[in-house]
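Chains, contacts and geometry: an overview
One letter stands for each residue in the lines below.
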Amino acid sequence: MEFTEPYKQTGPCCFSPNSRYVAVANDYRLVIRDTFSFQVVQLFSCLDKISYIEWALDSEYILCCLYKKPMIQAWSLTQPEWTCKIDEGPAGISYARWSPDSRHILTTSEFQLRLTVWSLLNTACVHVQWPKHGSKGVSFNQDGKFAAICTRRDCKDYVNLLSCQSWEIMGSFAVDTLDLADLEWSPDDSSIVVWDSPLEYKVLIYSPDGRCLFKYQTYECGLGVKTVSWSPCGQFLAIGSYDQMLRVLNHLTWKTFAEFLHLSTVRAPCSAAIFKEIDEPLQLDMSELSLDENFMPSNYDASEGYISVRYEVMELPVAFPFQKPPADKPNPKQGVGLLAWSKDSQYICTRNDSMPTALWIWDMRHLEVAAILVQKEPIRAAVWDPTCTRLLLCTGSSHLYMWTPSGAFCVCNPLPGFSISDLKWNIDGSCLLLKDKDAFCCATVPSLPESSDYSSDD
């Protein structure tokens, strides 16, 4: 892997959908860089510090949320002189997003008073009263023709279906939830999944015309659903719960065909490879060299010298560090808090928040755990390669960690003092964006050979 030099950032960073640009928030400035040369191609000045940025799907426009104002500013890459400013006045703005046609912006006011659709073509706007959530509760189908928006009125949750051409309400139906948490269209647009708040374990499958296709409740009197995700193929629905279980439904009968438990101790028989991150100090005598601190690599420890990190395959049984959440505090750190599918829907990775240093990789073809990665620090993020079966994760250290079906290995970031706290792929899987507290860099990722024999020493 090759790494770029670090660049300053003070907020969100993201690739454009066409992978040609990377947008970076630097206080009140929006910096657009070319992903090949990393030269600045556009520089926009906003009226306040940028809290959130989002590209339009055509990569021509980009919006900036200034939540302190509160205000939205949008910019055009092809017409730098074009500007757009959205101000809801006393109602405020809690969130903003693009519509699939890249010519409308949806904003949600403070206290969920209304959702407004703003047109960039004719300055018209459409209001939807009483949206349920600010940043959640809105989902577009795959072809971008319809939007499902959660609303609440008269102490009841509803789903409104809007046409993304006229923005008229095409239909509305009540859902059987006490406090709707979120919803999501299926990848084939045949159904909409709705799930309740953690206080009530309930997952509902609705057809677009409002018919309830299936109601899933696996237990009562306990914290319920924490994460929900469709597989890319649309055949599976994964549900992560506070009871530390991952359950997978099939799209034909909506019955559970797989249940995976995150055990605190793994014993035989188990065919999964368990990789544990370990330190391996390198014995290098540098006493006669005089180097400035700025030239010290990020894997240098003053007390032990150079530290090499690698994976070691563990023998069974293996016990994982377990954190029991306090019973007197809200939002306990337990249950499946991270859940992500591979591109081919064959693998799914999960993190049980009670064991934050362990990442579980499940094989959906054989319905068993394929591998477990045990890190020294809690896992911050894990993302699948959008083009192949390759998983990358970070823990806030200077290292990147990769897993493929052939094995797991570690990559050291050569930038001094750069701790990787978040990472994002571009759409073609050729470049990776790595974030530190106040800087970011990018790394080119080589494509996987058809038969890759990686080891932890690569």
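Residues numbered from 1 in each chain as written. Predicted model: local features only at pLDDT ≥ 70, side-chain atom pairs only at ≥ 80, totals over all residues. Heavy atoms only, no water.

- The protein carries the name WD repeat-containing protein WRAP73-like in an unreviewed UniProt entry, which gives Camelina sativa as its organism.

1. Describing the overall build of the protein
- A count of helical and extended segments in the protein gives 0 helices and 42 strands.
- Taken over the C-alpha trace, the protein has a radius of gyration of 24 Å; the compact-globule value for 458 residues is 23 Å, and the two agree within 12%.
- Expressed along its principal axes, the backbone C-alpha trace of the protein runs to roughly 70 × 55 × 50 Å.
- Here the protein holds 458 residues, and 54% of them are scored as buried.
- Sequence-distant contacts, at least 24 apart, represent 45% of the contacts inside the protein between residues at least 6 apart.
- As presented, the protein carries roughly 21,200 Å² of accessible surface, and 50% of it is formed by carbon and sulfur atoms.
- For the protein, the distance from the average site of its 38 positive side-chain charges to the average site of its 55 negative ones is 7 Å. (Helix = DSSP H or I, 4+ residues; strand = E, 2+ residues; numbered from the N terminus. Rg over C-alpha atoms; globule rule 2.2 N^0.38 Å. Buried < 20%, exposed > 50% of the residue type's maximum accessible area, 1.4 Å probe, protein only. Contact = heavy atoms within 4.5 Å. Areas by Shrake-Rupley, 256 points an atom, 1.4 Å probe, with all protein chains shown as cover. Lys, Arg positive; Asp, Glu negative; His and termini not counted. Charge placed at Lys NZ, Arg CZ, Asp CG, Glu CD.)

2. Quick look at the side chain of N141
- Position of N141 among the secondary structure elements: in the loop between strand 15 (138-140) and strand 16 (146-153).
- Classification of N141 by relative accessible area gives buried; the value is 7%.
- One polar contact links N141 to D143, side chain to side chain, over a distance of 2.7 Å.
- In contact with N141, not counting residues within four places along its chain, are F146, W185 and D189. (Polar contact = N/O pair within 3.5 Å; in protein donor to acceptor, adjacent residues only side chain to side chain.)

3. Concerning the sheet that holds strand 13 (residues 114-119)
- Strands sit in the order 11-12-13-14 across an open sheet of 4 strands; the sheet is antiparallel. Across the chains shown, the open sheet's two edge strands, defined by having one partner strand only, are strand 11 (95-98) and strand 14 (125-129). Recorded for the sheet is a direction-independent mean angle of 20° between the axes of neighbouring strands. (Pairing = 2+ DSSP bridges. Axes fitted to C-alpha atoms, helices over the stretch in contact; angles between N-to-C directions.)

4. Focus: the environment of N26
- Tracing the sequence through the fold places N26 in strand 4 (residues 21-26).
- For N26, a relative accessible area of 10% gives the class buried.
- When the C-alpha atoms of N26 and I62 are compared, they prove to be 15 Å apart, with 36 residues separating the residues in sequence.
- Not counting chain neighbours up to four residues away, the residues in contact with N26 comprise K8 and T10.

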